[in-house]
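Next come the chains, spelled out residue by residue.
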Amino acid sequence: MDADAGILVHGKIPPLLHFYLAAYSKLLGNVREGASAGKIVSELIQSPGMRECLQWFTRERHWINEQHLQLCRVPAPTFFEQKRAEWMLAQFESLHYNAKIDRAGNVVARVSDKREGPLLALTAHLDTVLAARNSEEIHYSPDGRLHGPGVSDNGAGLAALLAIARALRNFPELEDACAPLVFVANVGEEGEGNLSGMRYLCRQSPLGSKIGAFLVLDGPTTDQITWQALASRRFDVTFTGQGGHSWSDYGIGNPVHALSRAITLFTETRINGTGTARSSYNFGLVEGGQSINSIPTHARTKVDIRSESGVKLDEIAGMLTSAVERALEVENGRATGGRLSAKIKEIGSRPGGRLAEDAPILGWVRAVDSQLGIRSHLDCASTDANIPLSMGLPAISIGAGGQGGGAHTPQEWFHPDGRELGLKRILLTLCLLSKDIEAANGA
Ligand SMILES: [Zn+2]
C-alpha cells in the first residue's frame with residue numbers, strides 16, 4: 001500500500017499517522033531549538049508508532065529467523081550470487097515493493113518510487129566466502145544457534161533488510177517517515193569481488209547518483225561503528241619457468257624456490273614501525289608444481305595488503321615488487337639454465353576514506369546507541385562503505401544484531417539473541433537520517 005496515495009484520496013490524515021507526524025514535527029522543532037540528539041532519540045523511541053514497531057520485532061522473531069535460514073540456504077559465493085539475488089527479489093516483491101535486479105546483480109527495492117532524491121540506502125552484501133555443500137548444512141541447533149557458511153556474514157545483514165522492509169509495510173506511518181529509503185542487497189563484497197556491487201551502485205547506476213547517505217549492514221556485532229574505510233590492494237604474483245626433471249635438470253630456475261624467497265624477503269621487513277597508521281598483509285594462497293620429482297613450471301601466491309594510510313599502502317606494495325624482483329634476480333643468478341620470469345598482477349584495490357567527525361550519520365548512530373545502552377566504538381575496516389566514503393559520501397557500516405562467530409569458516413554460527421536490539425538501532429537511525437535528508441531536500 002502507498003501511504004501518500006491514501007492521504008490524497010481520502011483528503012485527511014489517518015489518526016495514527018497524524019499522531020506520528022505531530023511527534024515528528026515536534027522533533028524537527030527540537031532540532032531547530034538545538035535540543036540534544038539524545039532527547040530527540042528518546043522522544044522518537046517513545047512515539048507510539050515507533051513503540052509498536054519495536055515490539056513487532058520481538059513478536060515476529062520466528063518469521064525473521066525463518067527468513068534468515070531460508071536465505072542462507074540459497075548458495076551465493078562471490079560471483080555466483082544470482083540465485084540468492086532472485087530469492088531476495090521475490091521476498092521484496094511479496095512485500096509489495098517495486099524491486100529489481102540491476103546490471104551488476106544487486107537487488108534494489110525502493111520504499112517510494114515517486115521520490116526523485118536524495119535517497120538513503122540500507123545495504124547488505126549477498127555474497128559469502130564459502131558456500132554450503134547442501135542446504136541441510138545450514139541449520140538451527142537445539143540451543144537456537146544457526147550454523148553454516150555465511151549465516152553471520154552476511155545472513156544477519158540480509159535478514160535485517162527483510163525484517164525492516166516488512167516492518168515498514170506493517171507501519172505505514174514509519175514507512176512514510178522513511179520514504180527516502182532504498183534497500184540494496186549487493187554483490188561482490190567478499191573474496192575477489194572487489195566491491196563490484198557497491199562500485200556499480202555508486203559510480204554507474206542511475207539510482208546511485210541519487211543516494212545521499214549509506215547505512216551498510218555487515219555481520220551481527222553491534223559494538224563497532226566502521227566510520228573509516230581501510231584501504232587495501234591485492235596482488236597475484238607468479239613465477240614461471242621451463243620446468244624439468246628433479247635430478248637430470250637440477251640447477252635450472254625453480255619457481256617454488258623463487259616464490260619462497262620472495263615471501264621470506266617480504267615478510268622479514270617490519271611494516272608497522274613508529275607511525276600511527278596500522279598496516280597488515282597476508283599471503284592467503286600459495287600454489288604451484290606438478291609432482292614431487294618435477295621442477296615446477298610455475299608457482300603463484302595471492303597477497304592482501306591493508307593500511308590505514310594510503311601512502312603506507314603504496315609503500316608496502318612497492319616493497320612487494322622489490323622482494324619479487326630480488327628473489328627473481330637471486331634465483332636466476334644461481335641457475336645454470338632455464339631462467340625464470342615473474343609477473344605481479346593487481347587483482348583488487350579498495351579505496352580508503354573517512355567520515356567527517358561531525359557527520360550527522362555518525363552523530364545519530366551514537367545518539368541511538370547511548371539511548372539503547374549499546375556500547376560501541378569507532379572502527380576502521382574494509383567494507384562496502386569504502387566506496388561511498390572514498391567518494392566523500394556519508395557512509396557507515398554496522399552490525400545487524402544478534403551474536404555470531406567463525407566468519408569465513410565452515411564453523412560459522414549466528415545466535416538471534418539480541419537481534420531485536422540491532423533492528424531497533426537500525427530503524428531508529430533510518431528514521432533520523434530520513435528526517436535529515438528530507439530537511440536538506442526541503443531547504
Ligand atoms: Zn561481510
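Worth saying up front: this structure is predicted, and the values here are computed from it rather than measured.

1. Focus on the domain arrangement of the protein chain
Where interface size is quoted, it is often the accessible area lost as the parts come together.
Point 1. By domain assignment, the protein chain separates into domain 1 (3–229 + 353–442) and domain 2 (232–350).
Point 2. Using C-alpha coordinates to define each centre, domain 1 is positioned 41 Å away from domain 2.
Point 3. Counting from both sides, the interface comprises six residues of domain 1 and, opposite them, six residues of domain 2.
Point 4. Of the residues in the side of domain 1 that touches domain 2, the class split is two nonpolar, three polar and one charged.

2. Digging into the pairing of strand β3 (residues 119–125)
Point 1. Among the seven residues that make up β3, seven are buried, leaving the element largely enclosed by the rest of the structure.
Point 2. Covered by surrounding structure in β3 are L119, A121, T123 and H125 together with L120, L122 and A124, the residues of both alternating faces.
Point 3. Bridging between β3 and strand β7 (residues 211–217) involves six bridges; their strand directions are parallel. Each bridged residue has a counterpart across the sheet, and for L122 the counterpart in β7 is L215.

3. Side note on the sheet that holds strand β11 (residues 279–288)
Point 1. With antiparallel pairing, four strands are arranged side by side in an open sheet as β11-β13-β9-β14. Looking along the sheet, the strands with just one partner apiece sit at the ends: β11 and β14 (341–350). If you compare each strand with its neighbour and ignore which way they point, the axes differ by 15° on average.
Point 2. Across nine bridges, the pairing between β11 and strand β13 (residues 298–307) is antiparallel. Among the inter-strand pairings, E287 is bridged to a residue of β13, identified as R300.

4. Here's the deal with the packing of helix α5 (residues 61–72) against helix α7 (residues 155–170)
Two numbers describe a pair of packed helices, the interaxial angle and the distance between the axes.
Point 1. It is at 9 Å that the axes of α5 and α7 come closest, and there the two elements cross at 130°. The orientation of α5 relative to α7 falls into the category oblique. Once α5 is placed against α7, the crossing between them reads as right-handed. For the pair formed by α5 and α7, the contact residues are I64, Q67, H68, L71 and C72 on the first element and G155, L158, A159, L162 and A163 on the second.

5. Section: the packing of helix α4 (residues 48–59) against α7
Point 1. Packing of α4 against α7 leaves a shortest axis separation of 10 Å and a crossing angle of 130°. It follows from the interaxial angle that α4 and α7 lie oblique. Every pair of crossing elements has a handedness; the one defined by α4 and α7 is right-handed. Counted together, C53, W56 and F57 of α4 and A163, A167 and N170 of α7 form the full contact between these two elements.
Point 2. For the contact of α4 with α7, a count of residues per class yields five nonpolar, one polar and no charged.

6. Quick word on the nonpolar core
Point 1. Grouped together as the largest cluster of nonpolar side chains are 110 residues, with contacts concentrated most on A160, L161, I164, I396 and L430.
Point 2. At 11 residues, the largest contribution of residues to this core is made by α7.
Point 3. Taken domain by domain, this core gets at least three of its residues from each of domain 1 (3–229 + 353–442) and domain 2 (232–350).
Point 4. Apart from residues lying up to four places away in sequence, I164 is in contact with L122, L423, I426 and L427.

7. Points about unusual backbone geometry
Point 1. For the peptide bond that leads from D153 to N154, omega is 20°, which places it in the cis range.
Point 2. Summarising the element assignment, N154 is placed in the loop between β5 (146–147) and α7.
Point 3. Positioned with a positive phi, L195 is a non-glycine residue whose angle comes to about 60°.
Point 4. Among the structural elements, L195 can be located in the loop between β6 (181–186) and α9 (196–203).

So, how was this worked out
Residues numbered from 1 in each chain as written. Predicted model: local features only at pLDDT ≥ 70, side-chain atom pairs only at ≥ 80, totals over all residues. Domains from an automatic or database assignment. Contact = placed C-beta atoms within 7 Å. Nonpolar A, V, L, I, M, F, W, Y, C, P; charged D, E, K, R; others polar. Buried ≥ 20, exposed ≤ 12 C-beta atoms within 10 Å, placed from the backbone. Helix = DSSP H or I, 4+ residues; strand = E, 2+ residues; numbered from the N terminus. Pairing = 2+ DSSP bridges. Axes fitted to C-alpha atoms, helices over the stretch in contact; angles between N-to-C directions. Parallel < 35°, antiparallel > 145°, perpendicular 65-115°, else oblique. Left-handed = near helix turned anticlockwise from the far one by under 90°. Core = buried A, V, L, I, M, F, W, Y, C linked by C-beta atoms within 7 Å.

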